[in-house]
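Listed here are the chains, written in short residue letters.
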Amino acid sequence: MKKKKMMTGLMAAALCASLATPTLATNSPNGNLTNENQVYSIKGFTDHAEMVKRLQQIEKNSQGRVALEVVGQSNRGRDIYKARVGNGKKVVLIESEIHGNEKTGTEAILNLLQYVGSSNSTEAEKIRKEITLVVLPKMNPDASELDRRGNDMSWAEVVAKFPQLAEVRPAWNYYASGVRQERDYTGKPGFDVNRDFNPNLNYAPKASDFPGASDRPGWYITPESQTVRDVYKSLQKEFGKVDVFIDLHHQGQYYVEGTDDLVTMSLSAEFVPDPRTPKGAKYADYAKNYNVDFSKQLNLAAYNALQSIGENSVFNNITLYQRNLDLPGTALGSFALNGSGTILFEVRGQSHTLGQKKKGQLVKAVETGLYGIINGVADGSVNKLNPADYEKIPETAYQPSL
């Protein structure tokens, strides 16, 4: 039962990071989901080889509607795929698994691609007519195969590619040793790729910009971020802009503020301070591109689609992610400054806390939100939403109300 009490909102240390998991309320409709003594299986999720086979099958079944392309390789040489469907003037770009232990987004993308590519329904035809849908599923495949947040890359490999960095300290987002999210990086280091983006899409690494910090841009030193950047630039060149960018993530297990309900998914439209404000003045060069109201409308389209499933459904347990972020090194922050409407999906639980438990429910939440956005863009209804209603989406809390 929901209890309306005011609580402190989520104060996460950084975007998409998994924080200490709170004690879960056993009276939550979602149930008590974690057991610290249990090893959680992820076999139910699609691995890289399985994803490739499914993408190829989707392309084959689409009768020429879906175009599949290898657009890059991970640091360990795994192919990164782009799939494209539709001929519309509105461009929607979606990526999943920039963190390899955040897997529901890939499942949702594959289901979405199969439907839009093969269905003869009025809805699918409308999407194909109005939208060019581009997806990058499992875009950090090395991390996915290791079931961890960071990619598989050493600082020595970075220096070999960028000799100008030989005398600087490693990037702040480099995991060289120790345990993070129950994964040991000792002997197999890597980077948080979602801190390696830069609003300047033509940026080349400079020694003076290292080691950097969470509120400073990244550098495009990882092949995974370079691949996403290059896809984004190619779409800009072809269409003039990327209208919508959606990034699919996971987070810790939290509560809808003022209730004892576990959050099913959090949303966000804001990743850097508005360049037109004093706080965002350092991004003034991007002010003419930035459109936070459109981002809020897109987030509302996802939220409304989930709310429409029915009262007291777990799909109603949608909240806003942490507010007042300044993360220009994320894909979302960088692309928002380049003029894209941006949406963050943060599904509850990562593979080390949930495994594949609740997989079907959580994948459905992602799919429902995606269709809310895509259909809203296709028919133009998203533009009629009031951005101010974004503030009515519930906040997130660490603990349940008592």
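Analysis parameters
The residue numbers shown here count from 1 along each chain, following its written sequence. Totals for whole chains, interfaces and linings use every residue, but because this is a predicted model, local features are given only for residues with pLDDT of at least 70 and side-chain atom pairs only at 80 or more, for both listing and counting. Excluded from the side-chain calculation are hydrogens and water; included are all heavy atoms of the structure. Helical segments are the DSSP runs of H or I of at least four residues, strand segments are the runs of E of at least two, and each set is numbered from the N terminus. Burial here depends on accessible area, computed with a 1.4 Å probe over protein chains only, as a share of the maximum for the residue type. Under 20% is buried, over 50% is exposed, and the range in between is partly exposed. The contact criterion used throughout is that any non-hydrogen atoms of two residues lie within 4.5 Å. Throughout, the Shrake-Rupley method with a 1.4 Å probe supplies accessible areas, and for residues the shown protein chains are the sole cover considered. Only when DSSP finds a minimum of two bridges between them are two strands counted as paired. Angular values range over 0 to 180 degrees, each being the angle between N-to-C directions of two axes fitted as lines to C-alpha atoms, with helices fitted over their stretch in contact. A helix is expected to span 1.5 Å multiplied by its residue count minus one. Values of pLDDT, ranging from 0 to 100, describe the predictor's confidence in every residue of the model. Working definition of a nonpolar core: buried Ala, Val, Leu, Ile, Met, Phe, Trp, Tyr and Cys residues. They are joined through side-chain atoms within 4.5 Å. Each reported salt bridge corresponds to a side-chain nitrogen of Lys or Arg within 4 Å of a carboxyl oxygen of Asp or Glu.

Moving on, we get to the overall build of the chain. When you go through the chain residue by residue, the secondary structure sums to nine helices and 14 strands. Relative to its full complement of 402 residues, the chain shows a buried share of 61%. Long-range pairs, those at least 24 residues apart, make up 79% of the contacts in the chain between residues at least 6 apart in sequence. Total accessible area on the chain is roughly 15800 Å²; 48% of this is exposed by carbon and sulfur atoms.

A few words on the sheet that holds strand 1 (residues 66-73). As a general point, the strands of a sheet are linked pairwise by backbone hydrogen bonds and lie either parallel or antiparallel. Taken in spatial order, the eight strands line up as 1-2-4-3-9-13-11-12 in an open sheet, and their pairing is mixed. Lying at the two open borders of the sheet, with one neighbouring strand each, are strand 1 and strand 12 (318-320). When the angles between neighbouring strand axes are averaged without regard to direction, this sheet yields 20°. Here four bridges tie strand 11 (residues 265-268) to strand 13 (residues 341-348), and the two strands are oriented antiparallel to one another. Across the sheet, the residue bridging to Ser266 is Glu346, located in strand 13. Set on the sheet, helix 2 (residues 104-118) makes contact with strand 1, strand 2 (79-85), strand 3 (90-96), strand 4 (131-136), strand 9 (244-251) and strand 13; between it and strand 3 the angle comes to about 145°.

Of all six residues in strand 4, six are buried, a share of seventy percent or more. In terms of strand pairing, strand 2 meets strand 4 through three bridges, oriented antiparallel. From the neighbouring strand, Arg84 faces strand 4, where its bridge partner is Val134. Pairing analysis gives six bridges linking strand 3 to strand 4, with the strands arranged parallel. Bridged to Leu93 within strand 4 is Val134.

An ideal rise of 1.5 Å per residue puts 24 Å on 17 residues; helix 6 (residues 223-239) measures up with 24 Å between its terminal C-alpha atoms. Within helix 6 the residues assigned to the buried category are Pro223, Glu224, Ser225, Thr227, Val228, Arg229, Val231, Tyr232 and Leu235.

What follows covers the confidence of the model for the chain. Within the chain, residue pLDDT values average 90, and 88% of them lie at 70 or more. Of the regions scoring below 50 in pLDDT, residues 1-32 engages in 110 contacts with residues more than four places distant in sequence or in other chains.

Time to look at the nonpolar core. Counting 54 residues, the largest nonpolar core has Ile94, Leu133, Val244, Ile246, Phe345, Leu370 and Ile373 as the members making the most contacts within it. If one sorts the elements of this core by residue count, helix 9 (residues 359-379) sits on top with ten residues. Once you skip the residues sitting within four places of it in the chain, Ile373 turns out to touch Val244, Ile246, Leu298, Ala301, Ala302, Ile343 and Phe345. In this structure, Leu136, Phe197, Val228 and Val231 belong to the second largest nonpolar core, which totals 25 residues.

A word on the pattern of salt bridges. Taken as a whole and judged by the stated rule, the model has 22 salt bridges. In this structure, Glu97 and Lys103 form a salt bridge, with 3.4 Å as the shortest nitrogen-oxygen distance. For the pair shown, Glu97 and Lys103 are each scored as buried. One network of salt bridges, in which partners are shared, links Glu270, Lys296, Arg323, Glu391 and Glu395.

Pro211 follows Phe210 through a cis peptide bond whose omega is 10°. Mapping Pro211 onto the fold places it in the loop between strand 8 (190-191) and helix 6. In the Ramachandran plot, Lys138 falls in the positive-phi region, its phi being about 55° despite a non-glycine side chain. Along the chain, the position of Lys138 falls in the loop between strand 4 and helix 4 (141-146). Residue Lys138 is classed as buried on the basis of its relative accessible area, which comes to 1%. In this structure, Tyr220 is a non-glycine residue whose phi angle is positive, near 55°. By the secondary structure assignment, Tyr220 is in the loop between strand 8 and helix 6.

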